[in-house]
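Structural overview
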Amino acid sequence: MTERDRAVRILVGTRKGAYVVTGDPKRQRWKVGPVAHGGKDVFQVAADPRHPGELYAAVNSDFWGPSVQKSRDWGKRWREVATPLTPLAKDRKNPFEEDPAHPSPRPLRNLWRFEPGLPEEPEVLYLGADPHLLFRSRDRGASWEPIDAINKHPDHEKWSPGAGGACLHTILVDPRDPQRLYVGMSAVGTFRSEDGGLHWSPKNRGVETPFLPERFPETGQCVHHVVADAADPDTFYRQDHGGMYVSHDRMDRWVRIGKPLGDDFGFCVASAPTAPGRAFFVRLDGEARTTGEGHFQVHEWNDRKRTWRKLLSPKEFPGHFGVHREGIATDALETPGIYVGTTTGQLFVSPDTGESWQLVPYGFPGIHSVQVASPTAG
Amino acid sequence: MLDVHLDRWLRDFGPRGHESVEADSVEHLLDALEARYPRLRFRIRDETGQIRRYVRVFVDGEDVSATTGVTTPLTGARTIDILHSVAGG
């Protein structure tokens, strides 16, 4: 493997564009650029690990609407590919044109999340969007099919948005079975499908809704983000509006784990391929929506010992930092790195799973999302 | 023939500066522009056919975006400005 192939790339989506930040394998030196989509809200920049170099960006504009942008060269050049429901005219027909007398009452608002399919289905991608929409591409983003069991769900009109909108922001594919899918939507909750998206069941049992009259409804939870455990695909870690949770049974039942932290509000959670049984949360003050106690902090949940560990001391990075739902990521190196982007444009890096931290010396616009493309361990 | 002035931000989707278009309504004007520049589709209007929230269409200097919108007749009109609204930060 060449030195270039061993580069660690942090993919940063911000309020004003997309940034690729490239580092050495030791994760000590960082180079910022290329930069693209200036002035536009980039909710996510996703790498497709099955096709090294291919990136997808969820580019949103209050002025001109959303667009799917794709790069084949690690972000140097981008081009618009078919955005769902808004295809390039030469490519596809707008589904709503089938009945022009009844156009959609819900225009596509924002794109939120790309999720590549499994290695054995290398052309498949998923895309989540607002308002509560899920799409699948079978041709690496050249066209998208709506998953109607979500998009035309009988309760769709009743589903409420969260503060970030009616976003479908979490998509997970069971690594053992591409037919088993999970989604998370604000403020609806998590759902599971066992048949590739034809049918979905709500999976929110045990998750509290402090903002609704009913304490444990079937749906209505404002899930903020969910990740799967690196070694156990039946285990999930969840940051919800109502706290931090774990499930060990494919989301059939959730158990709150955050109470020992006091306030267990937050938006983001990450796991790492080389850190099974561990999850990383950025705990926020539930009212201020910034890091509590006046300093940057990350907490590690050890699911085997069922213990919490605070990864930073209060003296290291004082301040009140906001972190969005996609604001934390990990790499796949033997000692996994942790990366956190803040709403005020700081990018924190820990090359040793939280033992030490550094700031990338660059002022980014407010950061929506952080993802990492890295070589895998071994 | 209408003299259409397009926002320079729209250059990413094809049109640059000025266009001459013949149309009897804002809807037909936008149809004509989108036929000329397919990538412009859904940028000025969303997929419901309505003008996007932060886009302004002026007919002879009058903002029709939030009033008659796409149904605005253009009989006798001479100039159209399609601009992004003053918003954002």
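In this report, the structure presented in the accompanying data block is examined.

Thresholds, definitions, all that
- Every chain begins its residue count from 1, and numbering advances along the sequence as written.
- The naming scheme follows written order: chains are lettered A onward, ligands numbered 1 onward.
- Residues qualify for local features only when their pLDDT is at least 70, as the model is predicted, and side-chain atom pairs are given and counted only at 80 or more; totals for whole chains, interfaces and linings, by contrast, use all residues.
- Excluding hydrogens and water, the side-chain values take into account all heavy atoms of the structure.
- Only runs of H or I of at least four residues qualify as helices and only runs of E of at least two qualify as strands under DSSP, and these elements are numbered from the N terminus.
- The size measure is the radius of gyration over C-alpha atoms, and the globule rule it meets is 2.2 Å times the number of residues to the 0.38 power.
- Categorising residues by exposure relies on relative accessible area from a 1.4 Å probe, with only protein chains included: less than 20% of the type maximum marks a residue as buried, more than 50% marks it as exposed, and the intermediate range marks it as partly exposed.
- Contacts between residues were defined by any pair of non-hydrogen atoms, one from each residue, lying within 4.5 Å.
- For accessible areas, the Shrake-Rupley method is used with a probe of radius 1.4 Å. Any residue's cover is judged against the shown protein chains and nothing else.
- Note that His is not counted, nor are the chain ends; the positive residues are Lys and Arg, and the negative ones are Asp and Glu.
- We put the charge of a Lys on NZ, of an Arg on CZ, of an Asp on CG and of a Glu on CD.
- Nonpolar core, defined: a set of buried Ala, Val, Leu, Ile, Met, Phe, Trp, Tyr and Cys residues in which side-chain atoms within 4.5 Å join the residues together.
- A pair of sulfur atoms, both from cysteines and within 2.5 Å, is called a disulfide here.
- Aromatic rings from Phe, Tyr and Trp, taking only the six-membered ring of Trp, are treated as a pair when their centres fall within 6.5 Å; an angle between ring planes under 30 degrees marks them as stacked, one over 60 as edge-to-face, and anything in between as tilted.
- Just to be clear on terms, a salt bridge is a Lys or Arg side-chain nitrogen sitting within 4 Å of an Asp or Glu carboxyl oxygen.
- Note: two strands are recorded as paired if DSSP finds a minimum of 2 bridges between them.
- In this analysis, axes come from line fits to C-alpha atoms, helices being fitted only over the stretch in contact, and the angle between any two N-to-C directions falls in the range 0 to 180 degrees.
- Whenever a nitrogen or oxygen atom comes within 3.5 Å of another N or O atom, the pair is scored as a polar contact, on the condition that within protein one atom can donate a hydrogen and the other can accept it, and that pairs from neighbouring residues in sequence are kept only if both atoms are in side chains.

1. Looking at the overall build of chain A
The secondary structure content of chain A amounts to one helix and 28 strands. By the compact-globule yardstick of 21 Å for 378 residues, chain A fits well, its C-alpha radius of gyration being 19 Å. Its C-alpha atoms put chain A at 60 × 50 × 40 Å along the principal axes. A total of 378 residues make up chain A; the buried ones form 61% of that total. Look at the contacts in chain A between residues 6 or more apart in sequence, and 50% of them connect residues 24 or more apart. Summing over all exposed atoms, chain A offers an accessible surface of approximately 15100 Å²; the carbon and sulfur share of this is 50%. Averaging the coordinates of the 48 positive side-chain charges in chain A and doing the same for the 49 negative ones gives two points 3 Å apart.

2. Thoughts on the overall build of chain B
Scanning chain B from terminus to terminus reveals one helix and five strands. The linear arrangement of helices and strands in chain B, starting from the amino end, is β-β-α-β-β-β. Once the C-alpha set of chain B is aligned to its principal axes, its extents read approximately 35 × 25 × 25 Å. With 89 residues in all, chain B has 46% of them scored as buried. For chain B, contacts bridging at least 24 residues in sequence account for 49% of all contacts bridging at least 6.

3. Digging into the nonpolar core
Counting 26 residues, the largest nonpolar core has V4(B), L29(B), L33(B), L74(B), I80(B) and I82(B) as the members making the most contacts within it. Taken together, the elements giving at least two residues each to this core come down to β1 (2-6), α1 (26-36), β3 (55-59) and β5 (79-84) of chain B. Here L29(B) is in contact with L2(B), V4(B), V21(B), A23(B), L74(B) and I80(B), once residues within four sequence places are set aside. F280(A), L311(A), L312(A) and F348(A) belong to the second-largest nonpolar core, a separate cluster that totals 19 residues.

4. Observations concerning the state of the cysteines
Residues and elements named next belong to chain A. By the definition in use, this model includes zero disulfides over all chains. There is no disulfide at C167, and the cysteine sulfur nearest it, in C222, is 7.5 Å away. Residue C167 is classed as buried on the basis of its relative accessible area of 0%.

5. Digging into the packing of aromatic side chains
All names here are of chain A. According to the stated counting rule, one finds 21 aromatic pairs over all chains in the structure shown. With a centroid separation of 6.3 Å and 50 degrees between ring planes, the pair formed by F114 and W144 is classed as tilted. Residue F114 is found in strand β8 (residues 110-116), and its partner W144 is found in the loop between β10 (133-137) and β11 (145-146); the two are separated by 30 residues along the sequence. W144 sits in the buried class, given a relative accessible area of 3%. Each ring, one from F296 and one from F317, has its centre 6.4 Å from the other, and the planes form 80 degrees; the classification is edge-to-face. Of this pair, F296 sits in the loop between β21 (278-284) and β22 (299-302) while F317 sits in the loop between β23 (307-310) and β24 (328-330), placing them 21 residues apart in sequence. As far as the burial class goes, F296 and F317 line up, both buried.

6. Considering unusual backbone geometry
All names here are of chain A. Cis peptide bonds are those with omega within 30 degrees of zero, and the linkage from D130 to P131 qualifies with 15 degrees. Along the chain, P131 falls in the loop between β9 (125-130) and β10. Here S186 and A187 are connected by a cis peptide whose omega angle stands at -15 degrees. Relative to the elements of secondary structure, A187 occurs in the loop between β13 (181-185) and β14 (189-193).

7. Considerations on the pattern of salt bridges
Residue and element names in this part refer to chain A. Applying the stated rule across the entire model yields 35 salt bridges over all chains. Between K158 and D155 there is a salt bridge, with its nearest N and O atoms 3.7 Å apart. The closest approach of N and O atoms between E208 and R215, which form a salt bridge, is 3.1 Å. Salt bridges sharing common partners tie together D174, R176, R180, R192, E194, K203, D234, R250 and D252.

8. Comments concerning the sheet that holds strand β4 (residues 41-47) of chain A
In any sheet, the strands associate via hydrogen bonds between backbone groups, in a parallel or an antiparallel arrangement. Residue and element names in this part refer to chain A. One open sheet holds the four strands; their spatial order is β4-β5-β6-β7, and the pairing between them is antiparallel. On the outer flanks of this sheet lie β4 and β7 (79-81), each paired with one strand and no other. On average, each strand axis in the sheet is tilted by 30 degrees relative to the strand beside it, whichever way the strands run. Strand direction decides the pairing type here: strand β6 (residues 67-71) and β7, joined by three bridges, are antiparallel.

9. Things to note about the side chain of K70(A)
Residue and element names in this part refer to chain A. When you line up the elements, K70 lands in strand β6. With relative accessibility at 4%, the residue K70 sits in the buried group. A distance of 3.3 Å separates polar atoms of two side chains, one belonging to K70 and the other to E54. Sequence-distant contacts of K70, defined by excluding residues within four places in its chain, comprise E54, L55, Y56, R77, W78, R79, V81 and R140.

10. Brief notes about the pairing of β21(A)
Residues and elements named next belong to chain A. Counting buried positions along β21 yields six of seven residues, so the element is predominantly enclosed. As paired strands, strand β20 (residues 265-270) and β21 are joined by four bridges and run antiparallel to one another. Residue pairing across strands places A270 opposite F280, the latter belonging to β21. In the sheet, β21 pairs with β22 via four bridges, with the strands oriented antiparallel. Of the residues in β22, the one forming a bridge with R278 is N302.

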